[in-house]
Amino acid sequence: MALAFDEYGRPFIIIKEQEQKARLRGLEAQKANISAGKAVARILRTSLGPKGMDKMLQSPDGDVIITNDGATILEQMDVDNQIAKLMVELSRSQDYEIGDGTTGVVVLAGALLEQAEKLLERGIHPVRISEGYEMASKLAVDHLESISQKFEFSVTNIEPLVQTCMTTLSSKIVNRCKRALAEIAVKAVLAVAALERKDVNLELIKVEGKVGGKLEDTELIYGILVDKDMSHPQMPKRIEDANIAILTCPFEPPKPKTKHKIDIDTVEKFQTLRQQELNYFDDMVQKCKDVGATLVICQWGFDDEANHLLMHRNLPAVRWVGGVELELIAIATGGRIVPRFQELTTEKLGKAGLVREKSFGTTKDRMLYIEHCANSRAVTIFIRGNKMMIEETKRSLHDALCVARNLIRNNSIVYGGGSAEISCAIAVEAAADRYPGVEQYAIRSFAEALDSIPMALAENSGLPRIDTLTAVKSQQIKENNPYCGIDCNDVGTNNMREQNVFETLIGKQQQILLATQVVKMILKIDDVITPAEY
Ligand code: ADP
Ligand code: MG
């Protein structure tokens, strides 16, 4: 089996003599499947942890993605092998359920497969291995619960939440700004959270990016962002307590259509027409003012003369706003979209605490911020930076947002840096002796597989992996202290509690459960039939 790269630089897996064997049976099938799964895990292993490496992936149309997120790496890789696809699914389900821990879950599954291979070689039946793994995963999950801690937070004390999000972000490319981004993520989640129901609707958090500026300029907007500007440069840039008319009808005098004909043969006639058009538009502006609108947002345009008039009558307007955005504005501000000008009434106006226009950098780019909307708690995270950075920041923020949401749902945490895994490994190992059957081998192997996470963390940080692991493990046993982990950042202490490296309990538990499930599934396959047979 080998890992190769195609002409686009995407890794793919070649399994030896694949073409000659359309059908694999028994032990052979299991071994082939295990090596495919291990190959995928090996790719992700180097990405784990704060010092993990990033991957550069190129899509068929030439787009380059640089990422550290396990789910994204696997998503972008074109894996052909069926078992490898299961690993991709594994990472994806961790992403759906928890959001973070997508690399760790695959690394753990890979280690479990590796251990299973050894057990198979010793002649232990795959079903017994599965049973042993199942028992061990229960032990580990229960043990996690026993070493977990609750922490209290409130809207005024968000520090614990920020710390946990920082742990998530510390392993990403964006870790330079982890403090700022973690704060943004926590504030965004709290803004949309229903704390009494312990629920967070992440859909209310929109993540937008704009190329330019730097990552430090990323901000949280309590409202929505529209990529448009005021139609006239001299219109006010800041409107407080705005009453917004949202129009999907033309905001201009009716134009003669092609099938109509107007004969203008004298100057007087032309001037009457012009005056009439002017009056017509003037009436429209007056109507808007009468109902109390202080800002008009139109789906359609209006010509320069109308624009000038609007400026003179002091009615700020935004033109050419897309349908989707218009709908969003309407929902957020509690306004109604007005399709016919005659129907404009005071009740249909949307309300926003502040509408402001902001310009960026040297370009003439301007954007409209609609903040403190009446109807919605929707917030927008606005990311700045270069294109690749924005994309990676979006993915990293997704992880951080999920972690904050998980903590609001369940405020139990375990310590990271491999400390929880080592503690579980010790507990599972100790429990193995209590099982008289063959399963105890599998349970011991499970404990050994758990060690792969701290080992990978140590390896990626340039530490000798076996030495570091054994040192930390013996320290945990000696001091009976489940907080000792791998000091990846060379802080000087390996007490993860002092380093403030937290992870959510449900995230860790989910990793163990999902990895065990997939490995059990792979072990159960003893016949691989490919279409070549038929
Ligand atoms: P995943 O996609 O699985 O979340 P990451 O690359 O984010 O993978 O790495 C997460 C691992 O890194 C976790 O085991 C976590 O405990 C560990 N980790 C994160 N920050 C630190 C840190 N500052 N010191 C030690 N370990 C850390
Ligand atoms: Mg992570």
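Residues numbered from 1 in each chain as written. Chains lettered and ligands numbered in written order. Predicted model: local features only at pLDDT ≥ 70, side-chain atom pairs only at ≥ 80, totals over all residues. Heavy atoms only, no water.

Caption draft 1: Here's a closer look at the site of ligand 1. Taken together, 21 residues surround ligand 1, and among them Asp-100, Thr-103, Ser-171, Gly-417 and Glu-503 come closest. Contact distances for ligand 1 include 3.1 Å between an oxygen atom and a backbone N or O atom of Gly-49. Between Glu-503 and ligand 1, the recorded distance is 2.5 Å, taken from a side-chain N or O atom to an oxygen atom. Considered on its own, ligand 1 offers 570 Å² of accessible surface; in the complex 96% of this is hidden by protein. Secondary-structure elements contributing two or more residues to the shell around ligand 1 are helix H4 (102–121) and helix H6 (159–170). Taken together, the residues of the shell around ligand 1 sort by class into 6 nonpolar, 13 polar and 2 charged. (Near = heavy atom within 4 Å. Polar contact = N/O pair within 3.5 Å; in protein donor to acceptor, adjacent residues only side chain to side chain. Areas by Shrake-Rupley, 256 points an atom, 1.4 Å probe, with all protein chains shown as cover. Helix = DSSP H or I, 4+ residues; strand = E, 2+ residues; numbered from the N terminus. Nonpolar A, V, L, I, M, F, W, Y, C, P; charged D, E, K, R; others polar.)

Caption draft 2: Looking closely at the environment of His-308. Its place among the elements puts His-308 in helix H9 (residues 304–312). According to the relative accessible area criterion, His-308 is partly exposed, its value standing at 41%. Remark: the alpha-carbon pair of His-308 and Gln-234, spanning 74 residues in sequence, is separated by 9.5 Å. (Buried < 20%, exposed > 50% of the residue type's maximum accessible area, 1.4 Å probe, protein only.)

Caption draft 3: Quick peek at the pairing of strand E5 (residues 64–67). Side chains of E5 alternate between two faces, with Ile-65 and Thr-67 buried and Val-64 and Ile-66 left unburied. Of the strand pairs in this sheet, strand E4 (residues 55–58) and E5 are connected by 4 bridges, and their pairing is antiparallel. Among the inter-strand pairings, Leu-57 is bridged to a residue of E5, identified as Ile-65. (Pairing = 2+ DSSP bridges.)

Caption draft 4: Spatial organisation of the pairing of strand E2 (residues 11–14). Of the two faces of E2, only the one carrying Pro-11 and Ile-13 is buried; Phe-12 and Ile-14 on the other face are not. With 4 bridges connecting them, strand E1 (residues 2–5) and E2 associate as antiparallel partners. Bridge pairing in E2 places Ala-2 opposite Ile-14. Between E1 and E2, which pair antiparallel in sequence order, lie 5 residues; one of them, Gly-9, sits at a positive phi of approximately 85°.

Caption draft 5: Focus on the sheet that holds strand E6 (residues 149–150). The strand order across the open sheet formed by 3 strands is E6-E19-E20, and the pairing between neighbours is antiparallel. Either end of the sheet is taken by a strand with one partner, and the two such strands are E6 and strand E20 (502–504). Relative to strand E19 (residues 412–415), E6 runs antiparallel, the two sharing 2 bridges. From the neighbouring strand, Lys-150 faces E19, where its bridge partner is Ser-412.

Caption draft 6: Structural view of the sheet that holds strand E9 (residues 205–211). Here we have 3 strands laid out as an open sheet, ordered E9-E18-E10, and mixed in their pairing. The strands lining the two open edges of the sheet, one partner per strand, are E9 and strand E10 (219–221). Each adjacent strand pair in this sheet contributes to an overall mean axis angle of 25°, direction not counted. As paired elements, E10 and strand E18 (residues 379–385) share 3 bridges and run antiparallel to each other. Looking across to E18, one finds that Glu-219 is bridged to Phe-382. (Axes fitted to C-alpha atoms, helices over the stretch in contact; angles between N-to-C directions.)

Caption draft 7: Looking closely at the packing of helix H8 (residues 267–291) against H9. Orientation of H8 relative to H9, taken along the N-to-C sense of each, is 45°, at an axis distance of 11 Å. Comparing their axes, H9 and H8 come out oblique. Seen along the crossing, H8 lies across H9 with a hand that is right-handed. From H8, Arg-274, Leu-278, Phe-281, Asp-282 and Val-285 reach across to H9, where they touch Glu-305, Ala-306, Leu-309 and Leu-310. Among the residues making up the contact of H8 with H9, the classes are represented as 6 nonpolar, no polar and 3 charged. (Parallel < 35°, antiparallel > 145°, perpendicular 65-115°, else oblique. Left-handed = near helix turned anticlockwise from the far one by under 90°. Contact = heavy atoms within 4.5 Å.)

Caption draft 8: Layout of empty space enclosed by the protein. As enumerated under the stated definition, the model contains 2 cavities of 30 Å³ or more in all. Size it by volume and the largest cavity reaches roughly 80 Å³. Lining the largest cavity are Gln-94, Ile-98, Asp-100, Gly-101, Thr-168, Val-403, Phe-502, Glu-503, Thr-504, Gly-507, Lys-508 and Gln-511. Grouping the amino acids of the lining of the largest cavity by side-chain chemistry returns 3 nonpolar, 6 polar and 3 charged. Put simply, the second largest cavity is a space of about 30 Å³. Lining the second largest cavity we find Leu-144, Ala-420, Glu-421, Cys-424, Lys-508, Gln-511 and Ile-512. Elements with a minimum of two residues in the lining of the second largest cavity: helix H12 (419–432) and helix H17 (505–524). (1 Å grid on protein atoms, 1.4 Å probe; cavity = no way out; pocket = protein on both sides within 12 Å on 5 of 7 lines; lining within 4 Å. Points joined across faces, edges and corners; volume = space filled by probe spheres on them.)

Caption draft 9: Region of the structure containing a nonpolar patch on the surface. The grouping of Ile-262, Ile-264 and Phe-270 at the surface amounts to a nonpolar patch, some 270 Å² of accessible area in total. Mapped onto the elements of the fold, Ile-262 is located in the loop between strand E12 (238–247) and H8. (Patch = residues over 30% accessible without salt bridge, like charges linked within 9 Å, V, L, I, M, F, W, Y side chains within 5 Å. Salt bridge = Lys/Arg side-chain N within 4 Å of Asp/Glu carboxyl O.)

Caption draft 10: Here's a closer look at the packing of aromatic side chains. According to the stated counting rule, one finds 7 aromatic pairs in the structure shown. When the ring of Phe-251 is compared with that of Phe-302, the centres are 5.9 Å apart and the planes differ by 80°; the resulting orientation is edge-to-face. With Phe-251 in the loop between E12 and H8 and Phe-302 in the loop between strand E13 (295–298) and H9, this pair connects stretches of sequence that are 51 residues apart. Considered together, Phe-251 and Phe-302 belong to a single accessibility category, that of buried residues. Residues Tyr-415 and Tyr-483 carry aromatic rings whose centres are separated by 4.7 Å and whose planes lie at 65° to one another, so their mutual orientation is edge-to-face. (Phe/Tyr/Trp six-rings, centres within 6.5 Å; stacked < 30°, edge-to-face > 60°.)

Caption draft 11: Summary view of the state of the cysteines. Under the definition given, this model contains 0 disulfides. You can see Cys-298 has no disulfide; the closest cysteine sulfur is in Cys-249, sitting 7.5 Å from it. We classify Cys-298 as buried; its relative accessible area is 0%. (Disulfide = S-S within 2.5 Å.)

Caption draft 12: Spotlight on the nonpolar core. Counting residues in hydrophobic clusters, the biggest one holds 69 residues, and the most contacted among them are Met-87, Val-106, Ile-129 and Phe-446. At 11 residues, the largest contribution of residues to this core is made by H4. Setting aside chain neighbours within four positions, we find Met-87 in contact with Gly-37, Val-40, Ala-41, Leu-74, Val-106, Ala-109, Gly-110, Leu-113, Val-518 and Ile-522. Listed in part, the 43 residues of the second largest apolar core include Ile-329, Val-338, Leu-349 and Ala-352. (Core = buried A, V, L, I, M, F, W, Y, C linked by side-chain atoms within 4.5 Å.)

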